[in-house]
Amino acid sequence: MVRFNILLLLAAVLCALSVVTSQHQSRKLFQAMESEQERAKQLDVEYDQLQIELSTWATSPRIDKIAREKLKMRTPEPAKIITASASRSEVAR
Amino acid sequence: MINFKGARAHKFAESPVLKLRLPAWRSRLMALAILSCFAVLIGRSFYLQVLNNDFLQEKGDSRYRRDLEISASRGRIADRHGDVLAISTPMKSVWAIPSDARLTPQQTKQLAGLLEIDIKELARRLASDKPFVFLKRQLPPDVGEQVAALKLPGIGQDKEYRRYYPSGEMTAHVVGFTGVDDKGLEGVELAYQSQLLGHSGSRSVIKDRRGQIVEDVGSIKPPQDGRDIRLSLDAKIQYLAYSQLKQAVTDYKAKAGGAVVVDAKTGEILALVNWPTYNPNNRERLSGAQLRNRAMTDTFEPGSVLKPFTIAQALESGKVRFDTIINCAPGKLTIGTATISDSHPHGALTVAEVIQKSSNVGAAKVAAMLSAQQMWDMFDAVGFGQVSHLGFPGEVSGRLRPWKSWRPIEQATMSYGHGISVSLIQLARAYTVFAREGDMIPLTLTLTKADDNPVGTTPVFSQQTAREVRAMLEMAVQPGGTAPKAQIPGYRVAGKTGTAYKLEGGQYAKKYVASFVGLAPASDPRLVVAIMIDEPGGAQHYGGDVAGPVFAGVMSGALRTLGIAPDISLQVAQTPASKEKL
């Protein structure tokens, strides 16, 4: 009878310890998840900021200016435009 | 009776006191008293734990439980290709509780440096007797972190959002802007406020001593980010229209201007610009003139651009054919006491030439063949006098008086666009009737997907009428017409000029509104472009001279951007020799 009781006591202590460890584990994992979520949020914010930067660099006036002034691009004369088309009738040449 | 002398010799068990017989009720009373104390304690604890536990629960929770707000961001606004037109990014605002903020002079200096405010100003704010003061709003997040790192007492931070408009003044009128608390104040920001607005969520958590979250308790209410809005605008075409309009307003010393580009196939608005405009990122010193979205909220008497509608109605009801001769000599027509005149007197013109030469007399004579109700019905059907249902703030209906109150002179002037007022967007929409095969399509500012069911179109004119009017409009752009400057090499263009006197205090002043509405490519129209230049102050004021070139610039660029094939057989444009002869 005494032996059985000691066995039960041991089992109870083991259970208690495992509860403690699993609780500890779960908190650790929770914190890890928390920090990852925080990181995800940060990256979201960074993505938005990069989008702002992108669209600031890619505004049409800026592209227009660089194309014309730096790259010396211009609109082709109509005479120099060849229209490629699937239908035969529209191919002028 | 009791011998106390020998007390020391007594053992306890032999204590004579024990031998006394006390009455039984005394011990029972004591037992009862103690029991009832227990009962009271149990009752009280039952009351606190079970019946009325809110207060203690709350106190307990407040020791370890925190409610956190999960912020949601406002939706983005993008153009049809997904280029961002408005976007929110988180910022910090730094506040102080002056009574708690006891800073050393050195700390104050540090803080002032980070916040970039004057040290005296900061000291003054920290010394105020208000319970709460904002020190600086809309700070970049990294500065916020530096401030937090100082760990100053009584200084705290809040998260807030700032809205950026990368395309700035180009799309200012369409996109609009928001106020401080994410509230849309103008344009799409206001019109789509309920969709753009995000709803913040919340969660309650248990925090440990170091302030780290240990676990969630209770349910989490997830945040709902605002929905993104995809506009039908095309940023490139918008830029084209903006730069051309800006140039024209400067060149012709005009007061204001507007331009609208509409896709005639889908009813989508590809560009909508106004001048003057403003930069929504920096809204200091704004004037009402800058804020006005003229294309939608301002009406004007359009002038000759309305003639095609009169002619179309006459064609439709079989009163005239395109080659019916109308005698426009001697360039004057008297109805009642008023006289209508042409700017250049013409002789006998065909109906097609009335459009080509833009003869007021001709249009008035054609209008005289129609009943007032017929004309009103037609104007109403093409959308004049009605708001365009874009859901935009400040949209106007314009003025189209009921036909029963028309006098003959009014019917005559309305035939060439006076005595009726419309907005530029209405004008653009009305012209889709000629760009399509005589039916109307509702305009939209949001992207329509290809697989959406085509929205219901309303037939106004027959296909035959629409095509005939389109041919007349093409003549107006060709040599001999009113707007040869609206030609675009490689494309067939159709359009109509308008030069209207402005009404000021019920009188026509010597100020003009020059306009041009056109469509291209005329063989299978895809785009409608409407241009309005308000009070051109230079030597030129005719629609064909002022608005025509703007139209050509916007239209040619837009056609190229959309990759629409030229529809003139290229021989004309190909040989440079023939081009010089033109």
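Residues numbered from 1 in each chain as written. Chains lettered and ligands numbered in written order. Predicted model: local features only at pLDDT ≥ 70, side-chain atom pairs only at ≥ 80, totals over all residues. Heavy atoms only, no water.

In this section: the sheet that holds strand β7 (residues 213–221) of chain B. Read across the sheet, three strands follow the order β1-β6-β7 (chain B) without closing on themselves; strand pairing throughout is antiparallel. Lying at the two open borders of the sheet, with one neighbouring strand each, are β1 (65–70) and β7 of chain B. If you compare each strand with its neighbour and ignore which way they point, the axes differ by 30° on average. Across the sheet, helix α1 (residues 2–57) of chain A lies against β1, β6 (201–207) and β7 of chain B, angled at about 70° from β7(B), the strand it touches most. Contacting β1 and β6 of chain B, helix α2 (residues 54–64) of chain B runs over the sheet at an angle of about 65° to β1(B). (Pairing = 2+ DSSP bridges. Helix = DSSP H or I, 4+ residues; strand = E, 2+ residues; numbered from the N terminus. Axes fitted to C-alpha atoms, helices over the stretch in contact; angles between N-to-C directions. Contact = heavy atoms within 4.5 Å.)

All names here are of chain B. Of all hydrophobic cores here, the largest spans 87 residues; its most connected members are F309, F379, F384 and F434. Not counting chain neighbours up to four residues away, the residues in contact with F384 comprise L306, F309, F379, S397, L400, I420, V422, Q426, L427 and A430. Grouped together as the second largest cluster of nonpolar side chains are 38 residues, Y252, V273, F551 and L559 included. (Core = buried A, V, L, I, M, F, W, Y, C linked by side-chain atoms within 4.5 Å. Buried < 20%, exposed > 50% of the residue type's maximum accessible area, 1.4 Å probe, protein only.)

Turning next to the packing of aromatic side chains. All names here are of chain B. Under the counting rule described, the total for this entry stands at 12 aromatic pairs over all chains. Centroid distance W95 to F132: 5.3 Å. Interplanar angle 35°. Geometry classified as tilted. Taken together, the positions of W95 in strand β3 (residues 84–96) and F132 in the loop between α4 (119–126) and β4 (133–139) put the pair 37 residues apart, joining distant regions of the chain. Classification of W95 by relative accessible area gives buried; the value is 18%. Through pairs of rings, three or more aromatic residues link up here, namely F309, F379, F384, Y431, F434 and F461. One residue, R137, lies across the ring of F134, its end atom 4.3 Å from the ring centre. Just above the ring of Y164 sits the side chain of R162; from NZ or CZ to the centre is 4.7 Å. (Phe/Tyr/Trp six-rings, centres within 6.5 Å; stacked < 30°, edge-to-face > 60°. Lys NZ or Arg CZ within 6 Å of the ring centre and 35° of its normal.)

Right, let's get into helix α15 (residues 372–381) of chain B. Residue and element names in this part refer to chain B. By the burial criterion, the buried members of α15 are A372, M375, M378 and F379. Taken end-on, α15 shows its buried residues confined to a sector of 135°, consistent with a single buried face. Structurally, α15 contributes buried residues whose contacts are with α12 (307–316), α14 (360–368) and α16 (408–415). (Arc of directions from axis to C-beta.)

Residue and element names in this part refer to chain B. Mapped onto the elements of the fold, H173 is located in helix α6 (residues 172–175). Polar contacts involving the side chain of H173 include one to the main-chain carbonyl oxygen of Q290, which spans 2.7 Å. Those residues in contact with H173, other than ones at most four positions away along the chain, are G187, N274, P276, T277, Y278, Q290, L291, R292, N293 and F392. (Polar contact = N/O pair within 3.5 Å; in protein donor to acceptor, adjacent residues only side chain to side chain.)

Take the confidence of the model for chain A next. Summing up the model confidence of chain A, the mean pLDDT is 85 and the portion of residues at 70 or higher is 90%. Here residues 89–93 of chain A is modelled with pLDDT under 50, and outside its nearest four sequence neighbours on either side it reaches seven contacts, counting other chains as well. (pLDDT = per-residue confidence, 0-100.)

We now examine the interface of chain A and chain B. Quite often, the size of an interface is put as the accessible area lost when its parts meet. Across the boundary between the two partners, chain A contributes 26 residues, which contact 29 residues of chain B. When the two sides are added together, the surface that chain A and chain B hide from each other amounts to roughly 2,300 Å², 58% of it contributed by carbon and sulfur. It is A:F30, A:I52 and A:P78 in chain A that bury the most area against chain B; as a group they hold 21% of the surface buried on that side. Across the chain A-chain B interface, the total number found is two salt bridges. Close ionic contact of A:E34 with B:R203 constitutes a salt bridge, the shortest N to O distance being 3.0 Å. Joining chain A to chain B, the criterion identifies five residue pairs in polar contact (both at pLDDT 80 or more). Elements represented by at least two residues in the side of chain A that touches chain B include exactly α1 and α2 (60–70) of chain A. (Buried area = accessible area lost by both parts, 1.4 Å probe. Salt bridge = Lys/Arg side-chain N within 4 Å of Asp/Glu carboxyl O.)

Turning our attention to unusual backbone geometry. B:P276 follows B:W275 through a cis peptide bond whose omega is 5°. Inspection of the secondary structure assignment puts B:P276 in the loop between β10 (269–275) and α10 (288–291). Phi is positive for A:K72, which is not a glycine, with a value near 55°. Mapped onto the secondary structure, A:K72 falls in the segment after α2. Non-glycine residue B:K253 carries a positive phi angle of around 50°. Within the secondary structure, B:K253 sits in the loop between α9 (235–251) and β9 (256–263).

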